[in-house]
2 protein chains.
Amino acid sequence: MIKSKTNDSPVVVGILGGGQLAKMLALEAYRLGLNVAVIEKGESPAGELTKFDFPKGWMDNDELDKFIEVSDIITLENEFIDTAILDYISQKKPVFPSSATMKKVQDKFKQKQIFSQYGIDVPAFSEIYSHKDAAAFGEKHGYPFLLKTRTLGYDGYGNFTVRSEGDIDAAFKNFTINGNLRPLLAEQFISFTKELAVMVCRNQTGETEVYPCVETIQKNHICHTVIAPAVIDESITRKAKKIALRCVEAIDGVGVFGIELFLKASGEVLVNEIAPRPHNSGHYTIEACHTSQYENALRAVLDLPLGSAEMKVPAAVMVNLLGVRDGSGLPTEISEMLKNNTAKLHLYGKKLSRNGRKMGHITAVGKTQAEALEIATKAANDLTW
Amino acid sequence: MIKSKTNDSPVVVGILGGGQLAKMLALEAYRLGLNVAVIEKGESPAGELTKFDFPKGWMDNDELDKFIEVSDIITLENEFIDTAILDYISQKKPVFPSSATMKKVQDKFKQKQIFSQYGIDVPAFSEIYSHKDAAAFGEKHGYPFLLKTRTLGYDGYGNFTVRSEGDIDAAFKNFTINGNLRPLLAEQFISFTKELAVMVCRNQTGETEVYPCVETIQKNHICHTVIAPAVIDESITRKAKKIALRCVEAIDGVGVFGIELFLKASGEVLVNEIAPRPHNSGHYTIEACHTSQYENALRAVLDLPLGSAEMKVPAAVMVNLLGVRDGSGLPTEISEMLKNNTAKLHLYGKKLSRNGRKMGHITAVGKTQAEALEIATKAANDLTW
């Protein structure tokens, strides 16, 4: 599908959300000759670059209806949208990933249950409703363990590390809103040697493409560096890719999905979680793969044949540019950074920076991971904010 | 320069023209966190993707003023803009390439004069005002030779091959408007073994980056296939790149420039002409080079350090998608083409197709030029219009 069914214009891909993932989706859509609509409250990086910009956001019913009207097919850039809204949209226009898929992943407890039932290894986990539940989990699986909100957590927000039974009350306090404890999930703490990630793309027909297995390095629970491909045994790579593909099948996913994994010293690979959208760990695919995660996300939701997920260069490294201050979303000076002349700068165009906010990223390719890492890291350090 | 001098917003790069070159410039601008304004009469591929769209075109004074007002710096995607307009703009905002540079290249006779005076080899050429002038040129340099309009020619429009003195009257008739003969230029016909092209980028400071030397294959005077790098002796590559760089210096060019060259069997390299803008022969740089011609064009006009023009893959081939009918600007079916899963499809989003019109292109990368050529050619053939 490239032409709209209703007229001779290009298909309009509606995107729920207007952040950097939506922006990078939009840029790839334009290359393919598609058009995009963006719904996001306020001015947004992706809304900037289309006339079909719906800045009142999807909580405004009229705005949502207008957005649905101009869109031929709808996808999303974040997993925090109420599935009731997806159900409403899907009565009028196709939405991928589907509401059914989103219901399976939004609640991290359900997500883990489904993976577990599907025979996919995940860290031990349990629903938590009380101090007693939490203490019992700690007793059984040991300290530290993680308490997480079942919904709406990202980049470490909504996570609490419980180091001993004495931490439980503090954690609960942290997760209590207006006197009500949010639905929680306890997760065994995994002592991993590496965190890995695999992007998987699956179209409506069920055709799949699995991207290389990468290593992700977090700082303060936020993805900081991605090394592609991960420097691991070929057998681990095969296992990780197989598990990632099974995760997407388990939730009948259509679109692109980021699967975060823990690699243990034993060689065991456990699923941490799945993101039902383009993922920070897949930014490198723009420069390094035949088909970026963004283009394949579009192909998948439009039920087009998928492009090759293979790398066209030996190695690539992505480094996130995280906000280091409150203020303008633009760096003060980029000249020094640009002198790293093979590094590729992406700035998202967010109006405001704040500490830890994802403001952009840098990708470098190279003959080896070490070479790419050196270029990307130096370039990131050479930006002045 | 990344921030506007007048406020805390991203720099707005104004683009004169809204075709595919402007669109690809805009896409790279957005990746860098810049914003774009587009002025072009009517709906245009680049105008689609910005709110700063000025569809009345630059011949409308008010529209032009509004465009200048929102832009921090202005560049262009075609060489056919009246330099009086560039002079007008440059009183208010910086414009690159400059009006002075454009004056040197717009008139192909002057362009060749300048190159010739600068010691750059060009085919023999002469101003032509009469049948007698043309016949004398044929006498001196032999038949066939080319008659060209000094201005406004592209893709073979404005060219006439004079095979014998008997053709001169027909050529003149072709170039006469309302009883007036257009200013003409005669050019010696060069029997070449290959046509080559080199993109050169030069910023305000005078820093330069020279892209690989590529082979361009024309069909009916329109660029059809580009092979990167050209399969030629290393000594020819060095010579071609050196000549291309000298051409840009000769016209004091700031921006990105496409230099078209003839390679003779003797190894001699002659300059055909220069395009003062991103060029069809440089599309491949998006997928194949560390920095695309579009990104470097932006860096050059913003006086930022230039990115590496080196290829990050061994070989790449670009095939143009030329219109084969009158009608919709969109292909009927792209699925078969997309099954060529390492080929990269670019569709420009032009509303209407016509015979020979550039509607899009396909780039393939590969271990060898032959591999990339096979992939790109098959993919282009697999599109249905």
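Residues numbered from 1 in each chain as written. Chains lettered and ligands numbered in written order. Predicted model: local features only at pLDDT ≥ 70, side-chain atom pairs only at ≥ 80, totals over all residues. Heavy atoms only, no water.

## Notes on the sheet that holds strand 5 (residues 125-128) of chain B
Residue and element names in this part refer to chain B. Strand order in the open sheet formed by four strands is 5-10-6-7, with antiparallel pairing between adjacent strands. Strands with a single pairing partner mark the edges of an open sheet, and in this sheet they are strand 5 and strand 7 (159-162). Neighbour-to-neighbour, the strand axes of this sheet turn through a mean angle of 25°, independent of strand direction. Relative to strand 5, helix 5 (residues 108-117) is tilted by about 145°, and along the sheet it contacts strand 5, strand 6 (145-149) and strand 10 (184-188). Its contacts with the sheet put helix 6 (residues 131-141) on strand 5, strand 6 and strand 10, and the angle it makes with strand 5 is roughly 165°. (Pairing = 2+ DSSP bridges. Helix = DSSP H or I, 4+ residues; strand = E, 2+ residues; numbered from the N terminus. Axes fitted to C-alpha atoms, helices over the stretch in contact; angles between N-to-C directions. Contact = heavy atoms within 4.5 Å.)

## Structural notes on the interface of chain A and chain B
With 49 residues of chain A at the interface, the matching set in chain B holds 49 residues. Of all residues in chain A, R31(A), K51(A) and L330(A) give up the largest surface area on contact with chain B, accounting jointly for 17% of the area buried on that side. Taken together, chain A and chain B are joined by six salt bridges. Here E28(A) makes a salt bridge to K344(B), at a shortest N to O gap of 3.2 Å. Our count for the chain A to chain B interface comes out at 20 residue pairs in polar contact (both at pLDDT 80 or more). (Buried area = accessible area lost by both parts, 1.4 Å probe. Salt bridge = Lys/Arg side-chain N within 4 Å of Asp/Glu carboxyl O. Polar contact = N/O pair within 3.5 Å; in protein donor to acceptor, adjacent residues only side chain to side chain.)

## Looking at the environment of E215(B)
Residue and element names in this part refer to chain B. Following the sequence through the fold, E215 ends up in strand 13 (residues 214-219). Judged by its relative accessible area of 12%, E215 is buried. E215 sits 46 residues away from L261 along the chain, and the two C-alpha atoms are 9.3 Å apart. (Buried < 20%, exposed > 50% of the residue type's maximum accessible area, 1.4 Å probe, protein only.)

## What about the sheet that holds strand 4 (residues 73-76) of chain B?
Adjacent strands of a sheet pair through backbone hydrogen bonds, lying either parallel or antiparallel. Residues and elements named next belong to chain B. The sheet built from four strands is open, its strands ordered 3-2-1-4 with parallel pairing. Strands with a single pairing partner mark the edges of an open sheet, and in this sheet they are strand 3 (52-54) and strand 4. The sheet shows a mean angle of 20° between the axes of neighbouring strands, direction not considered. With three bridges connecting them, strand 2 (residues 35-39) and strand 3 associate as parallel partners.

## Structural notes on unusual backbone geometry
Residues and elements named next belong to chain A. In this model, Y143 is joined to P144 through a cis peptide bond whose omega is -5°. Tracing the backbone shows P144 in the loop between helix 6 (131-141) and strand 6 (145-149). Looking along the chain, the bond that leaves A228 and enters P229 is cis, with omega of -15°. Note on placement: P229 falls in the loop between strand 13 (222-228) and helix 8 (234-250). The backbone of D252 sits at a positive phi, close to 50°, despite the residue not being glycine. By the secondary structure assignment, D252 is in the loop between helix 8 and strand 14 (255-263).

## Concerning the pairing of strand 10 of chain B
Consecutive side chains of a regular strand alternate in pointing toward one face of the sheet and then the other. Residues and elements named next belong to chain B. Of all the five residues making up strand 10, four are buried; the element is thus mostly covered by neighbouring parts of the structure. Where strand 5 lies against strand 10, four bridges are found, and the strand directions are antiparallel. By the bridge assignment for strand 10, I128 is matched with L184. Bridge count for strand 6 against strand 10 is five bridges, and the pairing is antiparallel. Each bridged residue has a counterpart across the sheet, and for K148 the counterpart in strand 10 is L185.

Everything listed here is a matter of coordinates, which is why it stays silent on function.
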